[in-house]
Amino acid sequence: MSVTKVTGAVFGTMRRRRSELTPMFVTAGTVAVGEMSQYAPFAPVALGVAGAAAAVGSWISAYGGDDRNKLYLWSVLGASSSVVLTLHEIGWSYFSWTAPIAAGLGMAMGIPWWRNNRRRTRVTLESTVDRWPALARKLRMDTVRPVAIRAHGGGNFEGRLVWPAGDYTVAEILEKRERIEGALDLPSGTLRMERNGRDSNSVTFKAFVTDPHAEGIDWEIPVEEIGGEWFVREVDACEPITLGYREDGVLKTMTLTDRDEYGSRSVMLAGSKGSGKSGLVNVIVGTRVCSRNAVVWGIDLKGGMELGPWRNAMDWCVTTFDEALEMLEALEAVVDARAKHCAEVLSVRRWPMTDEFPVLTVVVDECHSFNGAMNRKQLEMLERVIQKGRAVGIEIVEATQYPTLLAFGSNLVREQLDQRFCFRMQGEDGEYFVFGTRRDGKVGANLIPQSRPGTCYYQDAETIDRMPIRIQYVSDETVKTLVKLRQGRTCGLDSVSANAATAGPPLTPAPARPGQHGYLVFEDPD
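A brief structural summary. Along each chain, numbering runs from 1 in the same order as the chain's sequence is written. Only residues with pLDDT of 70 or above have their local features reported here, since the model is predicted, and side-chain atom pairs are shown and tallied only from 80 upward, although totals for entire chains, interfaces and linings are computed over all residues. Hydrogens and waters are ignored; side-chain quantities use all the structure's heavy atoms.

**Quick notes on the packing of helix α11 (residues 321–346) against helix α12 (residues 376–388)**
A packed helix pair is summarised by two numbers, namely the angle formed by the two axes and the spacing between the axes. At a closest axis distance of 10 Å, the pairing of α11 and α12 adopts a crossing angle of 40°. Taken together, the axis directions place α11 and α12 in an arrangement best described as oblique. Relative to α12, α11 is oriented so that their crossing is left-handed. Where α11 abuts α12, its residues Phe321, Leu325, Leu328, Glu329, Leu331, Glu332, Val335 and Asp336 lie against Gln378, Met381, Leu382, Arg384, Val385 and Lys388. Class assignment for the residues of the contact of α11 with α12 results in 8 nonpolar, 1 polar and 5 charged. Under this scheme, a helix contributes an axis fitted over its contacting stretch, all axes are lines through C-alpha atoms, and angles between N-to-C directions fall in the 0 to 180 degree range. In this text, helices come from DSSP runs of H or I with a minimum length of four residues, and strands from runs of E with a minimum of two, each type numbered from the N-terminal end. Any angle from 65 to 115 degrees is called roughly perpendicular, while one under 35 is roughly parallel, one over 145 is roughly antiparallel, and all others are oblique. Rotating anticlockwise by less than a right angle from the far helix to the near helix defines a left-handed crossing, while the corresponding clockwise rotation defines a right-handed one. In this analysis, two residues are considered to be in contact whenever any of their non-hydrogen atoms come within 4.5 Å of each other. Here the term charged refers only to Asp, Glu, Lys and Arg, the term nonpolar to Ala, Val, Leu, Ile, Met, Phe, Trp, Tyr, Cys and Pro, and the term polar to all other amino acids, Gly among them.

**Focus on the nonpolar core**
One finds Trp297, Leu331, Leu360, Val362, Phe370 and Ile394 to be the most contacted residues of the largest nonpolar core, which totals 56 residues. Residues within four places of Val362 in sequence aside, it is in contact with Trp297, Met327, Leu331, Glu395, Ile396 and Val397. Residues Val283, Leu307, Tyr458 and Ile469 belong to the second largest nonpolar core, which totals 36 residues. For this analysis, a nonpolar core means a set of buried residues of the types Ala, Val, Leu, Ile, Met, Phe, Trp, Tyr and Cys, connected via side-chain atoms within 4.5 Å. Working definition: with a 1.4 Å probe on protein chains only, accessible area under 20% of the residue-type maximum means buried, over 50% means exposed, and in between means partly exposed.

**What about the sheet that holds strand β7 (residues 241–246)?**
Strand pairs in the sheet, formed through backbone hydrogen bonds, run parallel or antiparallel to each other. A pair of strands counts as paired when DSSP detects no fewer than two bridges linking them. One open sheet accounts for 10 strands, arranged β8-β7-β18-β17-β16-β11-β15-β14-β12-β13; its pairing is mixed. Both edges of this open sheet fall to β8 (251–254) and β13 (316–318), since each of them pairs with a single strand only. Each strand axis lies, on average, 25° off the axis of its neighbour in the sheet, ignoring direction. Two elements, strand β17 (residues 455–460) and strand β18 (residues 463–471), share 5 bridges in a ladder whose sense is antiparallel. Its bridge partner being in β18, Asp460 is matched across the sheet by Thr463. Each of β7, β8, β11 (267–270), β12 (294–300), β14 (359–365), β15 (394–400), β16 (419–422) and β18 is contacted by helix α10 (residues 277–289), which is oriented at about 145° to β7, the strand it contacts most.

**Quick notes on the pattern of salt bridges**
Here, a salt bridge means any Lys or Arg side-chain nitrogen found within 4 Å of an Asp or Glu carboxyl oxygen. Per the counting criterion, the structure on display carries 20 salt bridges. The partner of Arg338 in a salt bridge is Asp494, with the nearest N and O atoms 3.2 Å apart. Taken together, the positions of Arg338 in helix α11 and Asp494 in the loop between α16 (476–486) and α17 (495–501) put the pair 156 residues apart, joining distant regions of the chain. Just as Arg338 is buried, Asp494 falls in that class too. Within the structure, one salt-bridge network assembled from shared partners comprises Arg265, Arg390, Asp418 and Asp460.

What follows is the structure in structure tokens.
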């Protein structure tokens, strides 16, 4: 074998194994620079090392990844700079023992590198890119190629699939998600694909082999420390509600009410039995119970099994169909009274949603038992309420196991629920009744593991987030504690709404308002 072939084979192997050999490259380069620097005075060498360190440090700050990875890179930079300056001072005469020490230091610094999941993912991706042409032919996507691929920890990665104009449609590529997932040898349900904005010749993809938030996260009562004591923090109803973490670690929130723009919105929660809908109901109710400008009404036709524990912190909670109709009649009266007050007294186009004029949140658990049992006249009343409610601070939250048209009563009611959450579904078609995803490809709600209740997909208006969220878990003990702390201290209805509502059925008297900082929770924050 010629020298040229041997050299080519060696360099080829070094290129293929460059990721594994990076610590050795850095060590050899550092030693070489340190030994060669002996031919220059110390001052220029020190200035050169400082300048190079500053440049590398800027890169680390911008592209070094998470804090843990940055700390490692900063350590390597510091050690390399120190070695260069040390070798410059001690000279060639000690090379016989400085070289082994430097090699040992390089090996020690290389251990975290070799154990790094992100690096190993990058190596796997390079292999996948090399064999992509064969995979593309197998999938009959010969002109589709992956670009802008980025590796994350735990085997997770993301990128884009692009193709020449006219070769495919976005819908055709999205329909191949499961086949692409199989070709890449990914676990079922771990590949997410969605439209790349308005681009008609590319899609984005994200693979989550390792879910960093597989375990449920407990919802905590919002508190604040004042004068060495801990109090329930009374939040503004216009603040975003914290939902939980998406599978890529992004904390997701939802804004139900915005006093400056769109007013109050309504919510649809859908999922099979045991999928975790009640967890999100509890997050919404718990947040509203802690709000200084929100009043909560509840309809639970399962005898109060879901909303019953919150009863003493709610302004009004009913458990029978007749009582629910009374609440609906009162709600329509409130809507009309608020609209009239805005027009004739306040001269504004939207309910203020302040402490004096609070938001009214109405939670309907298993709405198919209520909406689906209404006659046409009663349904028209609900339609009027949900149509007008946005401008007068009325939030409607409807949860159901069966997200069909019958469950919501009418298309008009259904379309007004523009914040939508799809939990685990029994079949592939279940999510269509929530998102209508046949055009852009399904999200795979039926693939959510039963062992992960509270996992769902979220649609905000027309935008579907195709990465699932794990909703925070509100324990029974947390509910009991919060109800005990907030009983008699929650926000009461404004006089306009109370007078309109009490013209019908009797209401629970408006509870007394708390002090400025709420109610004592803990003596010790720990």
